[in-house]
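# Fold and geometry: a report
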Amino acid sequence: MGYSFLTLAAQAWSRRRSWEPVWRDAEPKPEYDVVIVGGGGHGLATAYYLAKEFGVRRIAVLERSWIGSGNAGRNTTIIRSNYGEPGNTAFYELSMRLWEGLEQDLNYNVMVSQRGVLNLYHSDAQRDAYARRGNAMRIHGIDAQLLDEGQVRDLTPFLDFDNARFPIRGGLLQQRGGTARHDAVVWGYARGASQRGVDIVQNCEVLGIRIEGGVVRGVETSRGFIGARKVGLAVAGNSSRLAAMAGLTLPIETCILQAMVTEGVKPLIPGVITFGAGHFYVSQSDKGGLVFGGDIDAYNSYAQRGNLPVIQEVCEAGMALMPMLGRLRVLRAWAGNVDMSMDGSPFIDRTALPGLYFNGGWCYGGFKATPASGMCFAHLLARDTPHPDAAALRLDRFASGSVIDENGLGAQPNLH
Amino acid sequence: MRLTCPYCGERDAQEFVTRGAAVGPRPDPAAPDALRQFHDYVHLRANPAGISVEYWYHAAGCRSWLRLTRDTRSHAVLDVQLAAS
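Worth saying up front: this structure is predicted, and the values here are computed from it rather than measured. (Residues numbered from 1 in each chain as written. Chains lettered and ligands numbered in written order. Predicted model: local features only at pLDDT ≥ 70, side-chain atom pairs only at ≥ 80, totals over all residues. Heavy atoms only, no water.)

### Examining the overall build of chain A
When helices and strands are tallied, chain A shows ten helices and 18 strands. What you see for chain A is a C-alpha radius of gyration of 21 Å, in line with the 22 Å of a compact globule of 416 residues. The buried share of chain A, reckoned over its 416 residues, is 56%. Looking at chain A, you have 41 positive and 40 negative side-chain charges, and the mean spots of the two groups are 6 Å apart. (Helix = DSSP H or I, 4+ residues; strand = E, 2+ residues; numbered from the N terminus. Rg over C-alpha atoms; globule rule 2.2 N^0.38 Å. Buried < 20%, exposed > 50% of the residue type's maximum accessible area, 1.4 Å probe, protein only. Lys, Arg positive; Asp, Glu negative; His and termini not counted. Charge placed at Lys NZ, Arg CZ, Asp CG, Glu CD.)

### Remarks on helix 9 (residues 370–383) of chain A
All names here are of chain A. End to end, helix 9 covers 20 Å across 14 residues, agreeing with the expected 20 Å (1.5 Å per residue, within 8%). Most of helix 9 is tucked away, with twelve of its 14 residues classed as buried. At the exit of helix 9 stands Asp384, carrying a positive phi of roughly 65 degrees. (Expected span 1.5 Å × (residues − 1).)

### Observations concerning the interface of chain B and chain A
Across the contact, 20 residues belong to chain B and 25 residues belong to chain A. Taking both sides of the interface into account, the surface hidden between chain B and chain A amounts to around 1900 Å²; carbon and sulfur atoms contribute 53%. There are one salt bridge connecting chain B and chain A. A salt bridge links Glu253 of chain A to Arg45 of chain B, with the shortest nitrogen-to-oxygen separation between them at 2.4 Å. There are twelve residue pairs in polar contact (both at pLDDT 80 or more) connecting chain B and chain A. Mapped onto the side of chain B that touches chain A, the elements with two or more residues apiece are strand 3 (17–21), helix 1 (34–43) and strand 4 (51–57) of chain B. The dominant element in the side of chain B that touches chain A, judged by the number of residues it contributes, is helix 1 of chain B, at three residues. Its residues placed into classes, the side of chain B that touches chain A shows seven nonpolar, eight polar and five charged. (Contact = heavy atoms within 4.5 Å. Buried area = accessible area lost by both parts, 1.4 Å probe. Salt bridge = Lys/Arg side-chain N within 4 Å of Asp/Glu carboxyl O. Polar contact = N/O pair within 3.5 Å; in protein donor to acceptor, adjacent residues only side chain to side chain. Nonpolar A, V, L, I, M, F, W, Y, C, P; charged D, E, K, R; others polar.)

### Observations concerning the sheet that holds strand 6 (residues 77–82) of chain B
Residues and elements named next belong to chain B. The strand order across the open sheet formed by four strands is 3-4-5-6, and the pairing between neighbours is antiparallel. Because the sheet does not close on itself, it has two edges, and the strands there are strand 3 and strand 6. Going from strand to strand, the sheet's axes swing by 30 degrees on average, the running direction of each strand aside. Across five bridges, strand 5 (residues 65–71) lies against strand 6 in antiparallel orientation. Each residue of the ladder has a partner; that of Arg67, found in strand 6, is Gln81. (Pairing = 2+ DSSP bridges. Axes fitted to C-alpha atoms, helices over the stretch in contact; angles between N-to-C directions.)

### Brief notes about the side chain of His43 of chain B
For His43 of chain B, the location among the structural elements is in helix 1. With residues near it in sequence (within four places) discarded, His43 of chain B still touches Leu250, Pro251, Met342, Phe398 and Ala411 of chain A.

### Focus: the nonpolar core
Residues and elements named next belong to chain A. Formed by 54 residues in total, the largest nonpolar core has its most connected members in Tyr49, Phe91, Tyr189 and Ile348. Going through the elements one at a time, strand 1 (31–37), helix 2 (41–52), strand 2 (59–62), helix 3 (89–106), helix 6 (182–195) and helix 9 are the ones with two or more residues in this core. Considering each element in turn, this core owes the most residues, eight residues, to helix 3. Beyond its immediate sequence surroundings of up to four residues, Tyr189 is in contact with Gly41, Leu44, Ala45, Tyr48, Tyr49, Leu102, Leu106, Thr370 and Pro371. Counting residues in hydrophobic clusters, the runner-up holds 28 residues, among them Leu62, Ile209, Val216 and Leu356. (Core = buried A, V, L, I, M, F, W, Y, C linked by side-chain atoms within 4.5 Å.)

### A few points about the packing of helix 3 of chain A against helix 6 of chain A
Residue and element names in this part refer to chain A. Running from N to C, helix 3 and helix 6 point in directions that differ by 45 degrees, and their axes come no closer than 10 Å. Comparing their axes, helix 6 and helix 3 come out oblique. Both helix 3 and helix 6 take part in a crossing whose hand is left-handed. Of the residues in helix 6, those touching helix 3 at Trp99, Leu102 and Leu106 are Val185, Gly188, Tyr189 and Arg191. For the contact of helix 3 with helix 6, a count of residues per class yields five nonpolar, one polar and one charged. (Parallel < 35°, antiparallel > 145°, perpendicular 65-115°, else oblique. Left-handed = near helix turned anticlockwise from the far one by under 90°.)

### Quick notes on the packing of helix 2 of chain A against helix 3 of chain A
All names here are of chain A. Between helix 2 and helix 3, the least distance of the axes is 14 Å, while the angle of their chain directions is 65 degrees. By the angle between their directions, the pair helix 2 and helix 3 is classed as roughly perpendicular. When the axes of helix 2 and helix 3 are compared, the crossing they make is left-handed. Residues Tyr48, Tyr49 and Lys52 of helix 2 touch helix 3, and the partners they reach there are Leu98, Leu102, Asp105 and Leu106. Classifying every residue of the contact of helix 2 with helix 3 gives five nonpolar, no polar and two charged.

### Examining the packing of aromatic side chains
Residue and element names in this part refer to chain A. If you walk through the whole model with that rule in mind, you get 17 aromatic pairs over all chains. Each ring, one from Tyr83 and one from Tyr92, has its centre 4.0 Å from the other, and the planes form 10 degrees; the classification is stacked. For the pair formed by Tyr83 and Tyr92, the shared burial category is buried. A centroid spacing of 6.2 Å and a plane angle of 65 degrees characterise the contact between Phe347 and Phe398, whose relative ring orientation is edge-to-face. (Phe/Tyr/Trp six-rings, centres within 6.5 Å; stacked < 30°, edge-to-face > 60°.)

### Considering the sheet that holds strand 14 (residues 280–284) of chain A
Strand pairing in a sheet relies on backbone hydrogen bonds. The paired strands run either parallel or antiparallel. Residue and element names in this part refer to chain A. On the basis of which strands lie adjacent, the open sheet formed by eight strands has the order 5-6-4-13-14-15-12-16 and mixed pairing. Of all strands in the sheet, those with a lone pairing partner are strand 5 (145–148) and strand 16 (330–341), marking the two edges. Direction aside, neighbouring strands of the sheet carry axes that sit 20 degrees apart on average. Most of the contacts of helix 4 (residues 124–139) go to strand 4 (residues 117–121), to which it runs at about 150 degrees, and overall it touches strand 4, strand 5 and strand 6 (170–174).

### Looking at a nonpolar patch on the surface
On the surface, Met1, Leu8 and Trp19 of chain A cluster together to form a nonpolar patch covering roughly 300 Å² of accessible area. Its location among the elements puts Trp19 of chain A in the loop between helix 1 (5–13) and strand 1. (Patch = residues over 30% accessible without salt bridge, like charges linked within 9 Å, V, L, I, M, F, W, Y side chains within 5 Å. Areas by Shrake-Rupley, 256 points an atom, 1.4 Å probe, with all protein chains shown as cover.)

### A closer look at unusual backbone geometry
Residues and elements named next belong to chain A. With a phi close to 60 degrees, Thr77 is a non-glycine residue in the positive phi region. Structurally, Thr77 is set in the loop between strand 2 and strand 3 (78–79). A residue is classified by how much of its surface remains accessible, and Thr77, at 16% relative accessible area, is buried. We note that Asn203 has phi near 50 degrees; this positive angle belongs to a residue other than glycine. Position of Asn203 among the secondary structure elements: in the loop between strand 8 (199–201) and strand 9 (206–212).

### Some remarks on the side chain of Ser345 of chain A
Secondary-structure assignment places Ser345 of chain A in the loop between strand 16 and strand 17 (347–350). When near neighbours in sequence (up to four residues on either side) are disregarded, Ser345 of chain A contacts Asn88, Gly361, Cys363, Arg397 and Ile404 of chain A.

See the structure below:
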């Protein structure tokens with residue numbers, strides 16, 4: 001059923017009795033053309049675009065748990081395209097443009113809110129770096145404004161501008177950035193994919209990858225063998241485990257990233273604000289809670305739960321930026337397993353194994369990339385050639401030297 | 001998380017710095033396929049979900065390099081030894 005004013009009015013008139021589940025919980029079939037492992041935002045978006053844009057039939061999305069139960073439900077819902085490195089800039093802008101049309105495309109309210117992303121700078125050197133990044137964005141047709149201190153004061157008067165150690169000198173603003181509702185993104189893509197015949201199979205854990213004659217034939221799952229001509233992995237956080245089933249070693253380490261939310265308050269923060277002198281970013285959810293996070297926990301972990309010292313560090317950074325934060329109580333803190341790649345940038349590529357395709361390495365920036373990741377991975381799966389905007393996201397870029405290292409930190413993933 | 005340093009005893013994990021998986025010696029730069037070996041050594045990771053052997057440094061303590069065995073799924077520390085031993 002499509003959503004429109006008329007259907008809403010008709011449902012209200014009939015006391016909402018005829019609403020149906022928005023997507024079909026499918027039983028697995030013995031064989032598919034494309035099997036996508038991972039029912040998060042990226043996997044479901046891939047299935048949606050495969051069916052809609054590339055006309056592929058017989059697609060399944062396999063999810064170990066329930067859809068959206070991993071990082072799709074654990075992120076801080078920020079969308080932006082303020083990247084400065086070739087290879088990233090055009091890719092994230094493709095994502096931003098898809099976000100802007102996503103609700104009309106999906107006929108589903110994913111609550112995209114372009115309330116602006118403001119990166120603060122605290123020194124002359126940082127201003128110059130942000131000016132350079134903003135110029136790189138504008139050359140690619142992306143909006144970016146370099147604000148001075150007065151303009152930032154007008155926008156966010158509650159920040160600690162005269163902090164003795166980290167005075168705020170200005171910021172780089174991307175007004176088109178903002179937030180989206182993460183669960184709705186999962187449900188919207190699931191609905192769109194399901195309407196186009198994609199089988200979404202939950203509680204179906206992949207236990208092995210069947211390889212015959214050097215070619216992928218399908219996946220062994222907790223619900224039996226499922227044959228496939230092509231298998232796409234979209235399991236960020238667990239990429240290394242899945243790749244190991246096919247005998248592959250990846251340039252990825254798994255770390256945990258924590259996020260926190262406070263009690264709900266009246267509208268307080270106009271957009272997304274990031275601290276330039278420490279790692280801290282904050283936005284306000286539509287429910288009123290301040291959602292914030294910072295650095296990853298320093299050591300590798302698959303535990304999906306974090307450590308108190310990191311929470312303390314994030315809160316200290318928050319207090320340095322925004323002292324009024326101390327008046328609020330933190331309601332919840334949680335963590336997700338993230339794929340940390342060796343240069344801080346993701347992968348959408350074929351693997352050395354024919355029939356196996358890889359999407360991962362999203363570090364802590366996977367949510368904003370969801371639409372473009374799905375579009376580009378679908379392009380790769382359907383046509384066997386990379387999407388032009390994702391051509392740089394290759395697995396062999398460390399061998400060729402074409403790394404995309406936004407922070408210039410090298411192969412030390414816990415620093416990215 | 002707390003770690004038991006062989007010199008200093010049980011200490012807060014914040015005193016330590018992790019260096020990552022304890023993989024074997026650096027490849028031989030004179031080997032014919034040294035470029036490939038160094039690529040794998042620097043950039044590829046086993047990244048196990050389970051038992052992991054890692055180098056840690058007791059930065060705010062005795063400044064020893066340690067070889068730590070722990071479970072990446074539960075954060076349980078199973079063994080700590082001096083890396084030099």
